[in-house]
Amino acid sequence: MSDVVLSVTDLTMRFGGLTAVNGLSFEARRGDITAVIGPNGAGKTTVFNCITGFYRPSAGRIVIARQPGDTLLLNRLPGHAIAKKARVARTFQNIRLFSGMTVLENLLVAQHNKLQAATGFGVLAILGLGKYRAAEKAAIELARHWLEQTGLIDRADDAAGALPYGAQRRLEIARAMCTDPVLLCLDEPAAGLNPRESVALNELLLKIRDTGCSLLLIEHDMGVVMKISDHVIVLEYGKKIADGTPHEIRNDPEVIKAYLGEGDEDDPDAPIAGTLVHSV
Amino acid sequence: MTAVAANLKDSAAVAFIALLLFGPFLGVQLGDGNAGNLTLSTRPALLGVAVALTFAARFLMLLWQGRRPPAVLTRLTAWVQQSGKFVAPALLIFAVALPLIPGVENAYIDLGVLIMTYVMLGWGLNIVVGLAGLLDLGYVAFYAVGAYSFALISQNFNLSFWECLPISGLLAACWGIFLGFPVLRLRGDYLAIVTLAFGEIIRLVITNWVALTGGPNGIDGIAHPTLFGLNFSMAGGPGTFAGFFNITPEPGQRITYLYYIILILALLTNWVTLRLRKQPLGRAWEALRENEIACRSLGINLRNTKLTAFAIGAMFAGFAGCFFSTREGFISPDSFTFIESATVLAIVVLGGAGSQLGIVLAAMVMIGVPAMLQSLQIYRMLIFGIALVVIMVVRPRGFISTRKPTVLLGKPKVVLT
């Protein structure tokens, strides 16, 4: 399958003298769950921030294909256009909700651009004219759909900040999905979740993939990565050291070396290798 | 009883600070000597009483805090919140009816006009500070722009109040955008400093551009508003309000007319704000206040969102300034000092940022109370200051700090049987 949704070419990001990402190239295929893994400090989040427009890369190209053939160069777009025009949505490692607003309001803010277009520069909507009412109704329906998918429908009118941690993570995903993305980027979605929540997250991510949205995720939890991803990219020191299916990655000597360090041939059952092997 | 010992120690520390503070103010007194020289006398007894009172007050306060929570005021505000549906219409009916109540003196209607002006300014600033979360310390600048726009346009181009009102608002909104651009990347304290400076710049320009604005002398003889071309002149001839309706001209007629103008302007501000809150734009402002980075990740254009908040907030200040100008008939830079910005900001913060009703209550306290206490002369500001401290201690997040959701799913809760 050659339908590529995201293609990163020679991406380099320098912070002063530090090169966080060094000549990274990879591709994510449409309809796949692509995972980016690597040890702490490998540059995963930096790659994410470059893709989602929070950093401007020092060099390289990031191209998104909204439809097959309909491509857009991401690293030239202003920050907010990444979600608006390129239809790349993201979640954050440390949750960033609008905590004082209700769950439903969070999901409506996510549909801001669509709704704003229906307000006739705000004037018509203030006067109660135009097609704003219908647009808002549709937006609430979309929000309701994602609230049902994430199991938050009963908390819709509660303040987002009052939700338990796991629910806040799900809400962030629901909010990102309300922007109707082509590519959803998740920065450690399973961080801090208990095993049961983690399983529910896997199901949610698979459900999202089945709607046709491609996913790119950074994850430490090998249980999540190995079970659901179609394609895994391993980073170390800002460089790609492996790229392939979960099965290939699990048996890649470079990867095992990166996670465990060298000279551990005597101990094949070391903790992280153990996680890699046993999690599938 | 270690608690008592700790309280005593704390009270002693406070008393010591009081000694340092009161020492120069109460402890020593300059007097006139016989030979025209200055004498310096000390007043240890007075100083002692002040320090002892401070000690006692602090000790009692700590005891009181230990015993029970400050429930009285909390309960009162909770009641106001719960009956908010009832309080707001009651206040509105009172506001509409006030000039019609027989026996109400003009002075009270005039006070009503003043309070309402600040309510309008508070509601306008609430868009910027309460909804969008952009701390603006220079709000008076837009008030000044509105006032001077009206004064200058009406005198130079001979336009009436009603023709100038939208122009003033528009010009103020333009200045809002003009200020907005350089501060787009700033937040919190840094934003506050720049807006503070902007307010001062506007005032200094007005003061020093003598050829245009008359400088410190201000502008005199600004036109009063007319009602469909009828003015409120005391002469009472044809073409005046009194002459047209064949009644005796009274100052009360003009004051009542001004009262209803500002009431309508304030209600317009309120209505637009309430409508905008339920719009994507209003929600984007609130989202901006909550988390700017998340807003960007959702494709919200931060620049436009911030600029519209500045522009719409400034526009209402411009309307209010235009009204102020026509009401006073005279404006000078002295009316647009930093203390005005601070007062309006205090109204918004005391009322509970984001709450429309809270702002009304806060404006009544902030503007009404000092005016009512006029007879108490020098103790006025003391009582006022104490009142502010008490409110901030008891309700640190403002008088009304709950937020009403802009939209509800309204799904009936499923009852499990």
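Helix and strand counts for chain B stand at 17 helices and 2 strands. With respect to the three principal axes, the spread of C-alpha positions in chain B is 90 × 75 × 50 Å. Burial statistics for chain B: of 417 residues in total, 38% are counted as buried. Put simply, of all contacts in chain B between residues at least 6 apart along the chain, 74% involve residues at least 24 apart.

A few words on the interface of chain A and chain B. Chain A puts 30 residues into the contact, and the matching count from chain B is 28 residues. Broken down by secondary-structure element, the contributors of at least two residues to the side of chain A that touches chain B are α2 (81–84), α3 (103–110), α4 (112–117) and α5 (123–126) of chain A. Ranked by residues supplied to the side of chain A that touches chain B, first place goes to α3(A) with 5 residues. Split into classes, the residues belonging to the side of chain A that touches chain B amount to 12 nonpolar, 12 polar and 6 charged.

Attention now moves to the domain arrangement of chain B. Each assigned domain of chain B is listed here: domain 1 (2–68) and domain 2 (86–394). A C-alpha centroid distance of 41 Å is found between domain 1 of chain B and domain 2 of chain B.

Turning to the sheet that holds strand β5 (residues 70–73) of chain A, a few remarks are in order. Residue and element names in this part refer to chain A. With antiparallel pairing, the 4 strands of this open sheet are ordered in space as β2-β1-β4-β5. Bordering the open sheet on either side are β2 (18–29) and β5, each of which pairs with just one other strand. Taking the axes of each pair of neighbouring strands and ignoring which way they run, one obtains an average angle of 20 degrees across the sheet. Both strand β4 (residues 59–67) and β5 contribute to a ladder of 4 bridges, which runs antiparallel. When the bridges of β5 are listed, Ile64 appears paired with Leu72.

This part covers the environment of Ala371(B). Position of Ala371(B) relative to the elements: it lies in helix α16 (residues 356–372). Counting along the chain gives 260 residues from Ala371(B) to Leu111(B), while the straight-line C-alpha distance between them is 7.8 Å.

Thresholds applied
Residues numbered from 1 in each chain as written. Chains lettered and ligands numbered in written order. Predicted model: local features only at pLDDT ≥ 70, side-chain atom pairs only at ≥ 80, totals over all residues. Helix = DSSP H or I, 4+ residues; strand = E, 2+ residues; numbered from the N terminus. Buried ≥ 20, exposed ≤ 12 C-beta atoms within 10 Å, placed from the backbone. Contact = placed C-beta atoms within 7 Å. Nonpolar A, V, L, I, M, F, W, Y, C, P; charged D, E, K, R; others polar. Domains from an automatic or database assignment. Pairing = 2+ DSSP bridges. Axes fitted to C-alpha atoms, helices over the stretch in contact; angles between N-to-C directions.

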